[in-house]
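# Structural overview for review
For reference, the chains in residue letters:
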Amino acid sequence: QVQLVESGGGLVQAGGSLRLSCAASGSIFSVNGMGWYRQTPVKERELIASISRGGSANYADSVEGRFTISRDNAKNTVYLQMDGLKPEDTAVYYCYANLRTAWSDYGRNYWGQGTQVTVSS
């Protein structure tokens, strides 16, 4: 069984910063790509940042230059440093990890429970 546990969400003023963490635990053979999505009641879930096992990162245009994704492979943990937050960044943020639970497993995405980020103007 695999769990992804997120932490770090909250309320912040516009221009402020938050750091999200997401730790994968359980029966893990290997972790491939990891990343973050966000969702609001009026928008579809949006992929905002992803990072490969080797550390290659990609960002959505909406967060490029403000958010930084990183990971600690030894801890199976992915982070999202969010700077210069705007009210439009308000959303529930979900982490994911594409991982294998055994050497014979093809791998699939597992999801965190979501954490609320609210940015006030």
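These lines cover the structure that appears in this document, whether it is placed above or below. All of these numbers come straight from a predicted model, not from anything done at the bench. Every chain is numbered independently, its residues counted from 1 as its sequence is written. The model is predicted, so local features are restricted to residues of pLDDT at least 70 and side-chain atom pairs to those at 80 or more, both for listing and for counting; the totals for chains, interfaces and linings are taken over all residues. Hydrogens and waters are ignored; side-chain quantities use all the structure's heavy atoms.

### Quick look at the state of the cysteines
Cysteine sulfur atoms are paired as a disulfide whenever they come within 2.5 Å of each other. What the rule picks out here adds up to one disulfide. Put simply, Cys22 and Cys95 are joined by a disulfide, and their sulfur atoms are 2.0 Å apart. Disulfide Cys22-Cys95: the torsion about the S-S bond is 55°, which places it as right-handed. Remark: Cys95 occurs in strand 9 (residues 91-100) and Cys22 occurs in strand 3 (residues 18-26); sequence separation between them is 73 residues. For every residue, the accessible area (1.4 Å probe, protein chains only) is compared with the maximum for its type, and the residue is labelled buried under 20%, exposed over 50%, or partly exposed between those bounds. Judged by its relative accessible area of 0%, Cys22 falls in the buried class. Counting from the N terminus, the helices are DSSP H or I runs at least four residues long and the strands are E runs at least two residues long.

### Thoughts on the sheet that holds strand 3
We call two strands paired when DSSP finds no fewer than two bridges between them. Judged by pairing direction, the sheet is antiparallel, and its four strands sit side by side in the order 1-3-8-7 without closing on themselves. Of all strands in the sheet, those with a lone pairing partner are strand 1 (2-7) and strand 7 (67-72), marking the two edges. If you compare each strand with its neighbour and ignore which way they point, the axes differ by 15° on average. Bridge count between strand 1 and strand 3: six bridges; the pairing is antiparallel. When the sheet's bridge partners are listed, Val2 is paired in strand 3 with Gly26. Angles shown run from 0 to 180 degrees and are taken between the N-to-C directions of axes, each axis being a line fitted to C-alpha atoms and, for helices, limited to the stretch in contact.

### Describing the pattern of salt bridges
Only one rule defines a salt bridge in this text: a Lys or Arg side-chain nitrogen within 4 Å of an Asp or Glu carboxyl oxygen. Summed over all chains, the structure comprises four salt bridges. For Arg38, the salt bridge identified is with Glu46, shortest N-O distance 3.1 Å. For the pair Arg38 and Glu46, a shared accessibility class is recorded, and that class is buried. Across the pair Asp89 and Arg38 runs a salt bridge whose closest N-O atoms are separated by 2.9 Å. Within this pair, whereas Asp89 is found in the loop between strand 8 (77-82) and strand 9, its partner Arg38 is found in strand 4 (residues 30-40), the two being separated by 51 residues in sequence. Three or more residues joined by partner-sharing salt bridges are found here, namely Arg38, Lys43, Glu46, Arg66 and Asp89.

### Considerations on the packing of aromatic side chains
Note on aromatic contacts: the rings of Phe and Tyr and the six-membered ring of Trp form a pair at centre separations within 6.5 Å, being stacked when their planes are under 30 degrees apart, edge-to-face when over 60 apart, and tilted otherwise. The full count for this structure, using the stated rule, is three aromatic pairs. Both rings, one in Tyr96 and one in Trp111, keep their centres 5.7 Å apart while their planes meet at 50°; by these two values the pair is tilted. Of this pair, Tyr96 sits in strand 9 while Trp111 sits in strand 10 (residues 108-111), and the two are 15 residues apart along the sequence. Put simply, the rings of Tyr37, Tyr96 and Trp111 touch in pairs and so form one group of aromatic residues. A cation over a ring is seen here: Arg45 above Tyr94, with NZ or CZ 4.0 Å from the ring centre. Look at NZ for Lys and CZ for Arg. If either is within 6 Å of the ring centre and within 35 degrees of the ring normal, a charge sits over the ring.

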